[in-house]
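This is what each chain is made of:
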Amino acid sequence: MRTYYNILLIPYILERSSNLKCCIFKREDMSVWQFIAGGGEDEEAPDQAAIREFIEESGIASNFLKVDKLVQLDSTASVLVDHFPELVKDALKRDIFVIPIYTFAYDITEYQGALQPSDEHTEFTWVTFEEAQQLLHFDLDKTAICELQKRLSRRNK
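Computed from a predicted structure; not experimentally measured. The numbers attached to residues start from 1 for each chain and follow its sequence in the written order. Local features are withheld for residues below a pLDDT of 70 in this predicted model, meaning they are given only at 70 or higher, and side-chain atom pairs are given and counted only at 80 or more; totals for whole chains, interfaces and linings count all residues. Note that water and hydrogens are dropped before the side-chain values are worked out from all heavy atoms of the structure.

### Notes on the environment of lysine 21
The numbering of helices and of strands both runs from the N terminus, where a helix is a DSSP run of H or I of at least 4 residues and a strand a run of E of at least 2. Here lysine 21 is to be found in strand 2 (residues 20-27). Spatially, the C-alpha atom of lysine 21 lies 9.9 Å from that of threonine 109, the residues being 88 residues apart in sequence. Whether two residues touch is decided by their heavy atoms; if any such pair falls within 4.5 Å, the residues are in contact. Once residues lying within four places of it in the same chain are set aside, the contact partners of lysine 21 are Pro11, Tyr12, Ile13, Glu15, Trp126, Val127 and Thr128.

### Remarks on helix 1 (residues 46-58)
Over its 13 residues, helix 1 extends 18 Å from the first C-alpha to the last, a length consistent with the 18 Å expected when each residue adds 1.5 Å. Type-normalised accessible area, obtained with a 1.4 Å probe on protein chains alone, sets the label of each residue: buried when under 20%, exposed when over 50%, and partly exposed for intermediate values. Regarding helix 1, the residues found buried are Ala49, Ala50, Ile51, Arg52, Glu53, Phe54, Glu57 and Ser58. In this structure, the buried residues of helix 1 make contact with strand 1 (2-14), strand 2, strand 4 (36-41), strand 6 (98-107) and strand 7 (121-128). Of the residues one or two after helix 1, glycine 59 is the one with positive phi, at around 80 degrees. Take the residue count of a helix, subtract one, and multiply by 1.5 Å to get its expected span.

### A few points about the packing of aromatic side chains
Planes of paired rings set the category: under 30 degrees apart is stacked, over 60 is edge-to-face and the rest tilted, where pairs are Phe, Tyr or Trp rings (Trp by its six-membered ring) whose centres lie within 6.5 Å. A complete count under the given rule lists three aromatic pairs for this structure. An angle of 65 degrees between the planes, with centres 5.8 Å apart, marks the rings of tyrosine 5 and tyrosine 102 as edge-to-face. With tyrosine 5 in strand 1 and tyrosine 102 in strand 6, this residue pair connects regions lying 97 residues apart in the sequence. Tyrosine 5 sits in the buried class, given a relative accessible area of 8%. On the basis of relative accessible area, tyrosine 102 is assigned to the partly exposed category, the value being 27%. A ring has a charge above it when a Lys NZ or an Arg CZ is no more than 6 Å from the ring centre and no more than 35 degrees off the ring normal. When the ring centre of phenylalanine 84 is taken as origin, the NZ or CZ atom of arginine 2, which lies over that ring, is 4.6 Å away.

Treat this as a map of the structure, not an account of what it does.
Put into structure tokens, the structure is as follows:
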């Protein structure tokens with residue numbers, strides 16, 4: 001069963017010069033660019049949902065991904081539950097009107113050639129931070145990539 005939260009996951013690599021590149025996906029249903037996104041299921045914790053969504057939407061085999069390499073970001077947002085018809089009826093009974101979105105990042109340098117996006121996306125591309133800011137549709141995606149860039153630049157100093 002779908003749970004009352006969403007996740008956002010940024011697949012990224014650091015090039016030799018410590019330049020951040022991230023993979024963005026064009027949604028089939030809305031024709032907008034975003035990172036991997038989806039909802040939790042059953043009793044999943046947000047980090048488990050992030051890994052599952054990553055596997056489902058990227059085509060990377062589950063035996064490659066490890067939860068301990070997942071970085072949870074501080075960037076968060078919420079979305080109206082009305083956007084998820086399967087949740088609305090039950091949510092109203094529980095007085096739930098918005099659901100949180102948790103953000104994560106995953107360095108896929110060693111797996112980047114294995115990406116095979118699901119049918120939820122029409123295409124994917126690797127972009128620089130600046131290109132991501134221009135192409136990404138949702139504000140949370142833009143905020144999360146800014147946070148990731150700052151975290152990585154601090155780590156690499």
